[in-house]
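One letter stands for each residue in the lines below.
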Amino acid sequence: MHPNFRTPGRRSRTAAGLALAALATAGTLGLLGSCAPSPHAPSPHASSMHASSMPGMDMRASHSIAGKGTGTPVTGTAVAIKNFAFSPATLKVTAGTTVTWTNQDTDAHTVTSTSPGGPLHSAALATHATYSYTFTKPGTYAYLCTVHPFMTATVEVTR
């Protein structure tokens, strides 16, 4: 048999490798697509993903662990962005305080107000990049990462 002829129905190593790469890419895109919020979510800024978006995984449980707590307010001036969560999930500060967010993940993240016209609007933060904002008025400021909308947190500002 000539080396350039193959048995019908058999693939070359290159074709098999390309088929495997295409399958892996499709699987990865499927997983990435499941990170988007469901159009059936009760709120466009829900604090957790639907458990059904990734069968066998309860993202709410992993979000609570990654968020390091149940949202009990913590005082301070720094928020770490780590393990796809803002930590602390709820920060309590007084008016006039400057809060700094630092991205400790390898993926880019943003700090963006959930309400239209809100004051928080960072660019995409690369690893180790920071974003700071000085809160001048009392209130509750909810925010999220626009790249990963399941990442949510709050800053509570008092007088």
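Quantities reported herein were computed from a predicted structural model and do not represent experimental measurements.

**Student:** Report on the nonpolar core, specifying residues and quantitative values.
**Tutor:** With 20 residues, the main nonpolar core has Phe86, Trp101, Val111, Phe135, Tyr143 and Val155 as its most contacted residues. Every element with two or more residues in this core is listed here: strand 2 (78-81), strand 4 (90-94), strand 5 (97-103), strand 7 (130-135), strand 8 (139-144) and strand 9 (152-158). Per-element tally for this core: the top contributor is strand 9, with three residues. Apart from the residues within four sequence positions on either side, Val155 is in contact with Leu91, Val93, Trp101, Phe135, Gly139, Thr140, Tyr141 and Tyr143.

**Student:** Explain the sheet that holds strand 2 to me, and be specific about the residues and the numbers.
**Tutor:** The strand order across the open sheet built from four strands is 3-2-5-7, with neighbouring strands paired in mixed fashion. Among the strands making up the open sheet, the edge pair consists of strand 3 (86-87) and strand 7. As paired strands, strand 2 and strand 3 are joined by two bridges and run antiparallel to one another. Residue pairing across strands places Ile81 opposite Phe86, the latter belonging to strand 3.

Rules used in this analysis
- Per chain, residue numbering runs from 1 following the sequence as it is written.
- pLDDT decides what is reported in this predicted model: residues at 70 or higher carry local features, side-chain atom pairs at 80 or more are listed and counted, and totals for whole chains, interfaces and linings draw on all residues regardless.
- To obtain the side-chain values, all non-hydrogen atoms of the structure were used and water was disregarded.
- Among buried residues, the Ala, Val, Leu, Ile, Met, Phe, Trp, Tyr and Cys ones that are joined through side-chain atoms within 4.5 Å form a nonpolar core.
- The buried label goes to any residue with under 20% of its type's maximum accessible area, the exposed label to any with over 50%, and the partly exposed label to all in between, with areas taken from a 1.4 Å probe on protein chains only.
- A helix here means a DSSP run of H or I that spans at least four residues, while a strand means a run of E at least two residues long, and both kinds are numbered starting from the N terminus.
- A contact between two residues is defined here by any heavy atoms of the two lying within 4.5 Å.
- When DSSP finds at least two bridges between two strands, those strands are taken to pair.

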